[in-house]
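This is what each chain is made of:
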Amino acid sequence: FCRTGLPSDITVVVDDVKFHLHKFPLVSKCGKLARMYEDSKSNDKKSLWTTVLEDFPGGSETFLTAARFCYGARVDFTSKNIVSTHCAAEYLDMTSEYGEDNLISQVETFLHKHVLRNWKDCILALQSSSHVLKSADKLQTIPKLMNAVSTMVCTDPSLFGWPMMMYGTLQSPGGSILWNGINTGARMRSSGSDWWYEDVSYLSVDLFRRLIKTMETKGIRAESLVGAMVYYARKYLPGLGRWQSRTSGSNNNKTASSSSSSMSPVDQIALLETILSLLPEKRGRSFCKFLLCLLRVAFILGVDGSCVKQLERRIGMQLELATLENLLILNYSDSDTLYNVDCVERMIRHFVSSSSSSELSDFSPPSLDPGMSPSSLRKVAKLVDSYMAEVASDVNLKPDKMRSLAAALPEGSRPLYDGLYRAFDIYFKEHPWLSDKDKEQLCNMMDYQRLSIDACAHASHNDRLPLRVVLQVLFFEQMHLRTALAGGTNVANTGTAHAMTVPGQEIVERDGWVTVVRQNQVLKVDMQKMRSRVGELEEEFQNMKREMKKRVSKSSSSVSSPRLVKMGCKFLLPRASDAKNNDTAQGSVSSTPRSAAAAEHALPRSSRHSKHRKSFSFFR
């Protein structure tokens, strides 16, 4: 009710709220109400006229502001009500035709002189415009505000007044900044390229998307825009706390967790899809890390397959920049495995199928991504081997998954197979029930010639490997030592041409000759150790042959024993008729005297069996 002392002759209904007003003040200022009143006037004289304003922008509160202006009361314009008041004035057609210096002209003057020139007012105006977006877009109010914000982001923030940030906090006293000639006793945070991230994070998802698009047209750098998107996503999406804890403090973590909990899962999915559509096709170490965090959130929220596929493709194209910690994505589906191995395998195949890493342009400056080199395939191979070693401890992981992960990379991507051997060894240790067939199928994925000497030495004593694999490793280990020894000798002979001697037969170090000789001596010692191990292996073979010979002689059948063919060396087990010849041959190979052999035959059966059981343990 309007307290003027006069009875009201017009009733305006806005959002079920009735305003009992007077005809003359409203009709004289509002063109829409004037036309409605003229159209409803009839020949019969009516004392009261009622009208309903449908879809009034801003609701009853904004209409009350317009009505106060019509009655000549004082109206305070603020950055929070300026957009809705502008929309209401346009809805009521309060132009200069219905009164000089009407509401529309005053709103536009305040908007251009005060709001569009101040960062804080622009942000508050955008925040308050969420419920009148359609009307504000028709009036070009939202584009004006976004252009103003984008322009201020490109400009030095000190030019727009102090303090710049609405929600930023001042640091401890110690500065000497003057504000209107008064010493504030505090100083503002150092302004970098990210000073505006926090303020724009309070905008709605739709306004934030449109603001980023506007900033792109203004030529703002892609890394700055990505930084704003990362800040916004950290604040409202769950599951990013692990990445966020390294880049912000605990207070920010609490704020982000409360903000994400206030947003419904449906809105979070919409936000994730919006962020993904805004992210540029770029590559970078931190950018790849953020994409992996988004992928983890996508699995938590259960988004559709297209969003997950797009994330996997973009991560796969820059997989060499990923880290092991971020690749360990838990399995949030009904699968038995602990980690989402299928997702990682798809990203590896995306990496292999991509023609080259140059499809994605780098962020500028390139120093943001140190370590970029053409050996991206080797980096990914090392990363995959480390990932396989990490997931190998999962008891529910099937051998087929390990085999498919190992085969996802092409041949030649691994200069050494030590990492893959380590992953298989951990897998065999955590899965002791695997058959030798399954183990051999996995071991066949390795190239034994590309195992280092240390890996060969470890594999030759590894009880978890099948016997066939151990023998192959021993063979190639011997080849490694022979090749290294031959190469060291050749280098040493060549180095003698660059060495000089002095009286007293002392060697003077020149061109690394002394170092090569020392390395050659070390290789000779390793070679002697290898020969001794091979000798022990041959001795064990002779013991096995003697035992099998005894069993064959005692049996009634005269079927000859099968031939053993392994690693290019053929061992023919003796028949009963060749016992004498074999004993003669054994004398030249084995260092055990005949008397010791006879004493061995004289031993009880139990002791002989225990000895053979000990010899068989070498091949487990």
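Conventions used here
- Residues numbered from 1 in each chain as written.
- Predicted model: local features only at pLDDT ≥ 70, side-chain atom pairs only at ≥ 80, totals over all residues.
- Heavy atoms only, no water.
- UniProt positions renumbered as here; feature names shortened; annotations may be inferred.
- Helix = DSSP H or I, 4+ residues; strand = E, 2+ residues; numbered from the N terminus.
- Buried < 20%, exposed > 50% of the residue type's maximum accessible area, 1.4 Å probe, protein only.
- Contact = heavy atoms within 4.5 Å.
- Areas by Shrake-Rupley, 256 points an atom, 1.4 Å probe, with all protein chains shown as cover.
- Polar contact = N/O pair within 3.5 Å; in protein donor to acceptor, adjacent residues only side chain to side chain.
- Axes fitted to C-alpha atoms, helices over the stretch in contact; angles between N-to-C directions.
- Parallel < 35°, antiparallel > 145°, perpendicular 65-115°, else oblique.
- Left-handed = near helix turned anticlockwise from the far one by under 90°.
- Nonpolar A, V, L, I, M, F, W, Y, C, P; charged D, E, K, R; others polar.
- Patch = residues over 30% accessible without salt bridge, like charges linked within 9 Å, V, L, I, M, F, W, Y side chains within 5 Å.
- Salt bridge = Lys/Arg side-chain N within 4 Å of Asp/Glu carboxyl O.
- Lys, Arg positive; Asp, Glu negative; His and termini not counted.
- Charge placed at Lys NZ, Arg CZ, Asp CG, Glu CD.
- Pairing = 2+ DSSP bridges.
- Expected span 1.5 Å × (residues − 1).
- Core = buried A, V, L, I, M, F, W, Y, C linked by side-chain atoms within 4.5 Å.
- Phe/Tyr/Trp six-rings, centres within 6.5 Å; stacked < 30°, edge-to-face > 60°.
- Lys NZ or Arg CZ within 6 Å of the ring centre and 35° of its normal.

An unreviewed UniProt entry annotates the protein chain as NPH3 domain-containing protein of Brassica cretica. As recorded by UniProt, the Pathway (unreviewed entry) comment attached to the protein chain reads in full: "Protein modification; protein ubiquitination." Per UniProt, the comment on the protein chain under Sequence similarities (unreviewed entry) is "Belongs to the NPH3 family."

Visitor: Sorry if this is basic, but what is going on with the overall build of the protein chain here?
Guide: Looking only at helices and strands, the protein chain features 28 helices and 11 strands. Taking all 620 residues of the protein chain together, the buried fraction comes to 42%. In the protein chain, once contacts between residues fewer than 6 apart in sequence are set aside, the share between residues at least 24 apart is 70%. As presented, the protein chain carries roughly 33,600 Å² of accessible surface, and 52% of it is formed by carbon and sulfur atoms.

Visitor: Sorry if this is basic, but what is going on with the side chain of S460 here?
Guide: With respect to the helices and strands, S460 occurs in helix α23 (residues 453-460). For S460, a relative accessible area of 6% corresponds to the buried category. In this structure the side chain of S460 is engaged in a polar contact, spanning 3.1 Å, whose partner is the side chain of H461. If we skip the residues at most four places from it in the chain, S460 touches V470, V473, L474 and E477.

Visitor: Is there a simple way to think about the packing of helix α8 (residues 141-153) against helix α10 (residues 205-217) in this case?
Guide: Packed helix pairs are specified by the crossing angle of their axes together with the interaxial distance, meaning the distance between the axes. Running from N to C, α8 and α10 point in directions that differ by 55 degrees, and their axes come no closer than 9 Å. The angle between α8 and α10 places the two elements in the oblique class. Crossing of α8 against α10: the hand is right-handed. From α8, I142, M146, N147, V149, S150 and V153 reach across to α10, where they touch L207, R210, L211, T214 and M215. Of the residues that constitute the contact of α8 with α10, the class distribution is seven nonpolar, three polar and one charged.

Visitor: I keep staring at a negative patch on the surface and nothing clicks. Help me out?
Guide: Together, D15, D16, E54 and D55 give the surface a local cluster of negative charge. With respect to the helices and strands, the residue D55 is situated in the loop between β3 (49-52) and α3 (59-70).

Visitor: What's the story with the pattern of salt bridges in this structure? I'm lost.
Guide: Any two side chains of opposite charge can pair, on the condition that their charged atoms come close. Taken as a whole, this structure holds 17 salt bridges when the rule is applied. The closest approach of N and O atoms between E281 and R313, which form a salt bridge, is 3.5 Å. Of this pair, E281 sits in the loop between α14 (265-278) and β6 (282-283) while R313 sits in helix α16 (residues 305-316); the two residues are 32 residues apart in sequence, bridging distant segments of the chain. In this structure, R346 and E312 form a salt bridge, with 2.8 Å as the shortest nitrogen-oxygen distance.

Visitor: Is there a simple way to think about the pairing of strand β2 (residues 17-21) in this case?
Guide: Consecutive side chains of a regular strand alternate in pointing toward one face of the sheet and then the other. In the sheet, strand β1 (residues 10-14) pairs with β2 via five bridges, with the strands oriented antiparallel. Its bridge partner being in β2, I10 is matched across the sheet by L21. Linkage of β1 to β2, two consecutive antiparallel strands, is achieved through a turn of two residues, within which D15 is found at a positive phi near 55 degrees.

Visitor: For this particular structure, what's the right way to read helix α6 (residues 119-127)?
Guide: Residues separated by three or four positions in an α-helix point in the same direction, a consequence of the helix having 3.6 residues per turn. Of the positions making up α6, those classed as buried are W119, C122, I123, L124, A125 and L126. The inward-facing, buried residues of α6 abut α4 (82-92), α5 (103-115), α8, α9 (197-200) and α10. At the N-terminal boundary of α6, the capping side chain belongs to N118, with an oxygen 2.9 Å from the backbone nitrogen of K120.

Visitor: What is the right way to look at helix α11 (residues 222-236) in this model?
Guide: Between its first and last C-alpha atoms α11 spans 21 Å; for 15 residues at 1.5 Å apiece the expected length is 21 Å, and the two agree. Most of α11 is tucked away: 14 of the 15 residues are buried.

Visitor: Sorry, what's going on with the environment of S386 here?
Guide: Examined against the element boundaries, S386 turns out to sit in helix α19 (residues 376-391). Given a relative accessible area of 27%, S386 falls into the partly exposed group. Considered as a pair, S386 and L420 are 34 residues apart in the sequence and their alpha carbons are 8.1 Å apart. Within polar-contact distance, the side chain of S386 engages the backbone oxygen of K382 at 3.0 Å.

Visitor: What is the right way to read the packing of α6 against α8 from this model?
Guide: Between α6 and α8, the least distance of the axes is 10 Å, while the angle of their chain directions is 140 degrees. Comparing the axis directions of α6 and α8 gives the class oblique. In the packing of α6 onto α8, the handedness of the crossing is left-handed. Mapping the contact onto sequence places W119, C122, I123, A125 and L126 in α6 and I142, L145, M146, A148, V149, M152 and V153 in α8. In the contact of α6 with α8, the residues fall into 12 nonpolar, no polar and no charged.

Visitor: Just checking my understanding: could you explain the nonpolar core for this structure?
Guide: Side chains of a nonpolar character, in soluble globular proteins, are inclined to be buried together. Counting residues in each nonpolar core, the largest one holds 150 residues, and the members touching the most others are F63 and W196. Tallying contributions element by element places helix α15 (residues 285-301) first for this core, with 12 residues. Those residues in contact with W196 that sit more than four places away from it in its chain are W119, V153, M215, S224, L225 and A228.

Visitor: Help me understand the packing of aromatic side chains, please; the structure alone is not making it clear to me.
Guide: To describe a pair of aromatic rings, you give the distance between the ring centres and the angle between the ring planes. A full pass over the atoms with the stated rule returns 10 aromatic pairs. With a centroid separation of 6.0 Å and an interplanar angle of 45 degrees, the aromatic rings of F77 and F110 are classed as tilted. Remark: F110 occurs in helix α5 and F77 occurs in the loop between α3 and α4; sequence separation between them is 33 residues. Members of the aromatic cluster, connected to one another through ring pairs, are F19, F56, F63 and Y91. Above the face of the Y91 ring, K32 is positioned so that its terminal group lies 5.0 Å from the ring centre. One cation-aromatic arrangement involves K235 over Y202; the distance from NZ or CZ to the ring centre is 3.3 Å.

Visitor: Got a minute to help me understand the pairing of β3 in this structure?
Guide: Covered by surrounding structure in β3 are W49 and T51 only, the residues T50 and V52 on the alternate face being uncovered. In the sheet, β1 pairs with β3 via four bridges, with the strands oriented parallel. The partner of I10 across the bridge, within β3, is W49.

Visitor: Just checking my understanding: could you explain the sheet that holds β2 for this structure?
Guide: Either a parallel or an antiparallel arrangement is found when strands of a sheet pair, and the pairing is made through backbone hydrogen bonds. Read across the open sheet, the three strands follow the order β2-β1-β3; overall the sheet is mixed. Looking at strand neighbours, the two that pair on one side only are β2 and β3, the edges of this open sheet. Sheet twist, expressed as the average angle between the axes of neighbouring strands with direction ignored, equals 20 degrees. Contacts from α3 reach β1 and β2, with the element oriented near 10 degrees to β2.

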